[in-house]
Amino acid sequence: MAINDDKRVIIFDTTLRDGEQALQSSLSPKQKLQIAMILDQLGVDVIEAGFPISSPGDMEAVRLIGQNLKNATVCGLSRAVDKDIDACYEAMKGLDHYRIHTFIATSDIHVQDKLKKSFDDVVEMAVRAVTRARKYTDDVEFSCEDAGRTPIDHLCRTVEAAIKAGATTVNIPDTVGYTLPYEFGNIIKSLFDRVPNIDKAVISVHCHNDLGMATANSLTALQNGARQIEVAVNGLGERAGNCSLEEVAMTIKTRSEYMGGLYTGIVSTNIARASQVVAGVCNEPVPPHKAIVGSNAFAHSSGIHQDGVLKNRSTYEIITPESVGFKENNLHMTARSGRHMIKSCLASLGYDESTYDLDDVYARFLKLADRKGQVFDYDLEALLFFSPDKEEETQFELESLNVISGGKNVIPTASVRLKIGKRTRTESGTGNGPVDAVFNCITRLTGIRCELTNYVIAAKGSGMNAQGQVDVDVMYQGRQYHGKGLSTDVIESSALALIHACNSIYRARIIADEKLENKEK
Ligand SMILES: CC(=O)SCCNC(=O)CCNC(=O)[C@H](O)C(C)(C)COP(=O)(O)OP(=O)(O)OC[C@H]1O[C@@H](n2cnc3c(N)ncnc32)[C@H](O)[C@@H]1OP(=O)(O)O
Ligand SMILES: CC(C)C(=O)C(=O)O
């Protein structure tokens with residue numbers, strides 16, 4: 001691939017190769033294709049789709065992806081071995097354009113203890129591999145595996161030989177995430193100073209995150225002349241992962257002046273979707289605090305931060321959630337929130353400060369937040385309408401629960417008894433699983449038809465005492481409600497969570513009726 005702009009950074013995505021290596025089960029060709037299409041829309045330049053010699057499935061995945069990409073170049077990985085390179089050709093032959101990526105380790109420990117070869121043998125294998133790959137395509141990448149721990153003289157010699165043999169991209173991996181940014185920057189600088197034919201190839205880096213340096217090392221490499229970085233969505237990759245695509249893409253965009261005007265082809269507004277698809281298909285949830293794409297990356301929960309963000313978002317947001325494809329930021333109300341947050345939330349619900357006593361509402365809010373942990377807008381509104389002894393009064397209470405579920409031939413059936421006000425009622429019903437059957441009963445008993453938008457189950461504690469916590473989000477008449485349930489029985493936790501949400505909805509309905517009555521008066 002030819003990009004003739006010295007400021008343009010080539011984004012080589014290895015989510016489907018190095019990222020996939022880190023998964024507990026490998027991806028099918030169809031799953032890989034689904035991710036590849038998202039990466040193509042994201043604007044990555046090269047997609048390393050797999051290791052064709054590895055299995056018939058991976059060969060098929062590389063072929064399928066190559067046939068379907070609209071913009072990005074497909075790439076297959078191979079050892080410095082003839083049959084691997086031939087397998088890459090087999091997978092991609094017939095395409096207008098494709099890349100073969102071949103590699104061999106150059107560090108002493110890998111050469112001696114893993115490959116059991118001499119360094120001279122390794123250089124010879126590198127040259128042979130690049131030469132063979134060049135017979136198939138004019139887009140050949142060569143990597144010196146474990147370059148970060150390779151003596152610089154050996155690295156210079158290998159890079160020079162690979163370029164001479166026809167490599168158009170030479171990759172310098174910090175395979176075990178060992179180097180520090182200053183050190184890694186110097187390795188790249190030394191290559192530019194010492195390798196005579198360095199200008200004949202694009203210099204790439206592939207940094208792992210074992211010491212948490214992958215992003216910093218990749219950026220330092222760019223500042224020292226590298227023009228391709230190898231990345232993975234959500235930072236997936238062997239062990240602690242690869243350099244994360246979203247982190248480098250957004251750093252280059254956000255700190256462009258400091259990065260010497262470098263830019264990428266990444267469509268940043270597609271980042272959140274790419275992250276979610278990769279997390280879902282790979283069954284690798286994104287940690288909440290993951291930079292750029294974590295659910296907490298644009299959340300503000302403390303009073304001082306919320307006050308700042310409400311006055312000017314830039315006080316605590318260096319990039320906007322919208323710029324990476326999230327709808328908005330989140331301001332969570334907890335006991336760490338301050339009056340500005342409470343006032344703002346009530347204003348968004350239509351309450352002017354002149355209609356309530358802020359200090360009084362705030363004091364009650366704090367008591368509620370200390371009890372509940374997180375307070376939602378409808379909880380806050382309830383403080384205005386209900387006296388302190390009534391603000392958490394419940395309309396629905398679980399009395400008992402019975403569930404039958406089992407193998408293929410059993411229709412999941414539930415029977416639920418609820419206390420509703422002063423009465424008790426029972427309903428039975430079926431569903432496509434035990435939780436669904438319970439939810440159907442609760443819907444009929446409460447008369448509240450809400451849509452379940454999120455269901456999360458997590459273990460609290462461990463061993464015999466572990467409890468299952470279920471958190472649900474439901475949508476009712478355009479408003480989101482949350483419910484939480486905790487029990488040693490996860491079906492009961494689920495029921496408690498939905499009942500919790502229904503109680504909030506019930507209170508919100510009373511408030512809505514009261515507001516309507518006041519309006520009509
Ligand atoms: C740093 C990285 O991420 S490198 C990429 C790692 N990815 C993968 O390994 C996933 C795909 N791998 C596979 O499917 C298999 O390991 C295969 C098909 C590549 C090889 O399988 P096998 O032939 O059964 O060998 P195995 O994996 O057990 O051992 C690797 C062999 O390749 C050799 N080897 C390792 N890297 C290279 C290389 N770049 N060039 C040449 N030979 C190499 C090893 O020394 C070892 O050789 P030996 O059998 O003579 O001891
Ligand atoms: C094959 C190379 C690029 C690699 O994955 C590594 O060195 O980590």
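These lines cover the structure that appears in this document, whether it is placed above or below. Remember, predicted model here, so these are calculated numbers, not experimental data.

Definitions and limits used
Residues numbered from 1 in each chain as written. Chains lettered and ligands numbered in written order. Predicted model: local features only at pLDDT ≥ 70, side-chain atom pairs only at ≥ 80, totals over all residues. Heavy atoms only, no water. Near = heavy atom within 4 Å. Polar contact = N/O pair within 3.5 Å; in protein donor to acceptor, adjacent residues only side chain to side chain. Areas by Shrake-Rupley, 256 points an atom, 1.4 Å probe, with all protein chains shown as cover. Helix = DSSP H or I, 4+ residues; strand = E, 2+ residues; numbered from the N terminus. Nonpolar A, V, L, I, M, F, W, Y, C, P; charged D, E, K, R; others polar. Salt bridge = Lys/Arg side-chain N within 4 Å of Asp/Glu carboxyl O. Buried < 20%, exposed > 50% of the residue type's maximum accessible area, 1.4 Å probe, protein only.

Attention shifts here to the site of ligand 1. Around ligand 1 sit 14 residues in total, of which Gln21, Ser54, Arg79, Ala80 and Phe103 are the nearest. Gln21 is positioned such that a nitrogen or oxygen atom in its side chain is 3.0 Å from a nitrogen atom of ligand 1. Here Ala80 contributes a backbone N or O atom positioned 3.1 Å from a nitrogen atom of ligand 1. Expressed as a share of its isolated accessible area of 1000 Å², the protein-covered part of ligand 1 is 54%. Contributing elements (two or more residues each) for the shell around ligand 1: helix H1 (15–21), strand E4 (98–105) and helix H5 (108–115). Split by residue class, the shell around ligand 1 holds 7 nonpolar, 3 polar and 4 charged.

Moving on to the site of ligand 2. All residues adjacent to ligand 2 are Arg17, Asp18, His101, Phe103, Ser143, Glu145, Asn171, Pro173, Thr175, His206 and His208. Contact distances for ligand 2 include 3.2 Å between an oxygen atom and a side-chain N or O atom of Asp18. Within the side chain of Thr175, a nitrogen or oxygen atom sits 2.6 Å from an oxygen atom of ligand 2. Summarising the interface, the protein chains cover 94% of the accessible area of ligand 2, which totals 260 Å² for the free molecule. Counting only elements with at least two residues in the shell around ligand 2, the list comes to H1, E4, strand E5 (140–145) and strand E6 (169–174). In terms of residue class, the shell around ligand 2 is made up of 2 nonpolar, 6 polar and 3 charged.

Turning our attention to the pattern of salt bridges. Note that side chains of opposite charge can pair when their charged atoms are close. All told, the structure shown has 35 salt bridges when counted by the stated rule. We note a salt bridge from Glu145 to Lys114, for which the minimum N-O separation is 3.0 Å. A residue pair is termed long-range when its members are at least 10 positions apart, and Glu145 in strand E5 and Lys114 in helix H5 qualify at 31 residues. The exposure class of Glu145 is buried, given its relative accessible area of 14%. Lys114 gets classed as partly exposed once you look at its relative accessible area, which sits at 43%. One salt bridge in this structure joins Glu246 and Lys290, with 3.1 Å as the shortest N-O distance. In this pair, Glu246 sits in helix H10 (residues 245–254) while Lys290 sits in the loop between helix H11 (271–282) and strand E9 (299–300), placing the two residues 44 residues apart along the sequence. Like Lys290, Glu246 is buried.

From the geometry alone we can't say anything about function, so treat these as descriptive.
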